[in-house]
Amino acid sequence: MITFAATSIYMEIKQVPLQHVHEKLGAKMVPFAGFNMPVRYSSDIEEHMTVRNCVGVFDVSHMGEFTIKGTYALDLIQRVTSNDASKLIDGQAQYSCLPNEVGGIVDDLIVYKIKENDYLLVVNAGNIEKDWNWIAKHNTKGAEMTNISEDICLFAVQGPKAVGVLQKLTATDLSSIPYYHFAIGEFAGVNDVVMSNTGYTGAGGFEIYVNKASAEKVWNEIFRAGASENIKPIGLGARDTLRLEKGFCLYGNDIDDTTSPLEAGLGWITKFTKEFTNSANLLKQKEAGVTKKLVGFKMIDKGIPRHDYQLKDAAGNVIGKVTSGTQSPMLSVGVGLGYVTTENSKVGTEIFVDVRGKGLKAIVTKVPFV
Amino acid sequence: MTIPDSLKYTKDHEWIKVEGNIATIGITDFAQGELGDIVYVDINSVGQEVGQHDVFGTVEAVKTVSDLYMPVAGKVVEFNKSLESAPEKVNSDPYGDGWMVKIELKDAAQVSALLTAAQYKELIGK
């Protein structure tokens, strides 16, 4: 039956600095975005529920980090990103994307404003080189760009108990940091740690950026502080189901070089208050209206939607395809994201997912699903 | 991980147990562990003759979907209906309550050509 996980024989697979820790914890490691990553420690569903109900820790050190500094830092960021970074105050972060010149998306990312002329961009692991080259190509005025991806570890500590656990490790008042804001300070005895009220789970919690040299100490301190809450390590499997329940896009699945941010429902991070790559065409697209839209849908018939399955209307016409799908651990029902023609995108529209030749009924649903 | 000596195995990670003319089929402990949480076992071959190596159903884990292949030719006579409400039995008891189908054997000789427990262990490197 089984093709469990692709193992690549021709591509060099990188390791996250704490690989030995994950192996000791019994993680199943799989290649993802060029890195050998923990996909599961015990059970996807158990790990999912741990984050929804309590607190769990993801090692997402594969993510890429660039610093952009100097007089022209904001100018460069404004040119390459779709959201309006001029609105950021010190200590604030912003979800954004890098539009390409042909209507698609180079990557989605988070832009952190540390202070004036000092920004941090956090990008997807699989796109580090592509993004770097893309941004560098647009860096005509000479902003200082540094790729610090290999020096930084990132732990996402997520769940309703996360803030309580993390607060034991820092004097910074975490509860005073709003969503998409951050502080830099001492954490677990380590200086210059970024404590960011962000995440990819919709469960609350922080993302902790720490220098590689101190990463294992910080990881251990987080687990020590969380022991009384039964804190657990969480794999990429649960990360995917957690983000999907909240309707968050995954680059490479739901958005890519060919999908427009407007089609993807990312109009809220596409600000025409400034000029950026392809902004004139995207503005035209906004005014004319998009022909397809990314929607959430929930299965009515029993079945699980998967990436690339066809979506059809009641008459059997192909209206789009699934970009992400799973069984929601919270709802115990199949849920997915997919592009459909605009006329089929309204919440409540009945659509059909082609699962192994059977047209299974689903309904377009507002996200988040939970 | 358990790999009972009393069963026969396929390289596709199914197991088969023969009692008279009837054989019970499921997936191995190794397979369930690799797939992760099983959330749906979709079998629509009951009543059908299915050839050796042909698909008799699919198993869906949270992250993946995999076809199920017949270790030997036969007619599918029963599906383990308890998996409709409790597919996680495939994880918790792959050789017991997590069985998937029963078949009527077409050619009992095909069974003896399948992998022994020792051969299957070698295949998965245990």
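Residues numbered from 1 in each chain as written. Chains lettered and ligands numbered in written order. Predicted model: local features only at pLDDT ≥ 70, side-chain atom pairs only at ≥ 80, totals over all residues. Heavy atoms only, no water.

> I'd like a description of the interface of chain B and chain A, backed by residues and values.
Every contact between the two is made by 28 residues of chain B and, on the other side, 21 residues of chain A. Run the count over chain B and chain A and you get six salt bridges. As a salt-bridge pair, arginine 306 of chain A and glutamate 60 of chain B come within 2.6 Å of each other at their nearest N and O atoms. Counting the contacts that link chain B with chain A gives 16 residue pairs in polar contact (both at pLDDT 80 or more). For the side of chain B that touches chain A, a count of residues per class yields 12 nonpolar, seven polar and nine charged. (Contact = heavy atoms within 4.5 Å. Salt bridge = Lys/Arg side-chain N within 4 Å of Asp/Glu carboxyl O. Polar contact = N/O pair within 3.5 Å; in protein donor to acceptor, adjacent residues only side chain to side chain. Nonpolar A, V, L, I, M, F, W, Y, C, P; charged D, E, K, R; others polar.)

> Could you give an account of the domain arrangement of chain A, naming the residues involved and the relevant values?
Residues and elements named next belong to chain A. Domain boundaries in chain A define domain 1 (14-57 + 150-245) and domain 2 (291-365). Averaged C-alpha coordinates put domain 1 and domain 2 at centres separated by 32 Å. The interface of domain 1 with domain 2 comprises eight residues on the first partner and nine residues on the second. Buried surface at the junction of domain 1 and domain 2, summed over both partners, amounts to about 700 Å²; 75% is from carbon and sulfur atoms. The interface formed by domain 1 and domain 2 includes zero salt bridges. Counting across the interface, domain 1 meets domain 2 through three residue pairs in polar contact (both at pLDDT 80 or more). Of all the elements in the fold, those that place two or more residues in the side of domain 1 that touches domain 2 are α2 (44-53) and α7 (236-245). Of the residues assigned to the side of domain 1 that touches domain 2, the class counts are three nonpolar, two polar and three charged. (Domains from an automatic or database assignment. Buried area = accessible area lost by both parts, 1.4 Å probe. Helix = DSSP H or I, 4+ residues; strand = E, 2+ residues; numbered from the N terminus.)

> Can you lay out the sheet that holds strand β18 (residues 333-341) of chain A for me, pointing to particular residues and giving the numbers?
Residues and elements named next belong to chain A. The six strands are arranged β15-β18-β17-β16-β19-β20 in a closed barrel whose pairing can be described as antiparallel. Taken over all neighbouring pairs, the strand axes of this sheet differ in orientation by 45° on average, direction set aside. Bridge count between strand β16 (residues 310-312) and strand β19 (residues 350-355): two bridges; the pairing is antiparallel. Residue pairing in the sheet places leucine 311 in a bridge with valine 353 of β19. Running over the sheet, α7 touches β17 (318-328) and β18 and is turned about 120° from β17. (Pairing = 2+ DSSP bridges. Axes fitted to C-alpha atoms, helices over the stretch in contact; angles between N-to-C directions.)

> Describe the layout of surface pockets, naming the residues involved and giving the relevant values.
Residue and element names in this part refer to chain A. When its volume is computed, the second largest pocket comes out at roughly 340 Å³. Contributing to the lining of the second largest pocket are 17 residues, with Ile114, Ile148, Ile152, Asp192 and Val194 lying nearest its centre. Broken down by secondary-structure element, the contributors of at least two residues to the lining of the second largest pocket are β5 (64-69), β8 (118-123), β12 (190-196) and β13 (205-211). Residues belonging to the lining of the second largest pocket are distributed by class as follows: 10 nonpolar, three polar and four charged. (1 Å grid on protein atoms, 1.4 Å probe; cavity = no way out; pocket = protein on both sides within 12 Å on 5 of 7 lines; lining within 4 Å. Points joined across faces, edges and corners; volume = space filled by probe spheres on them.)

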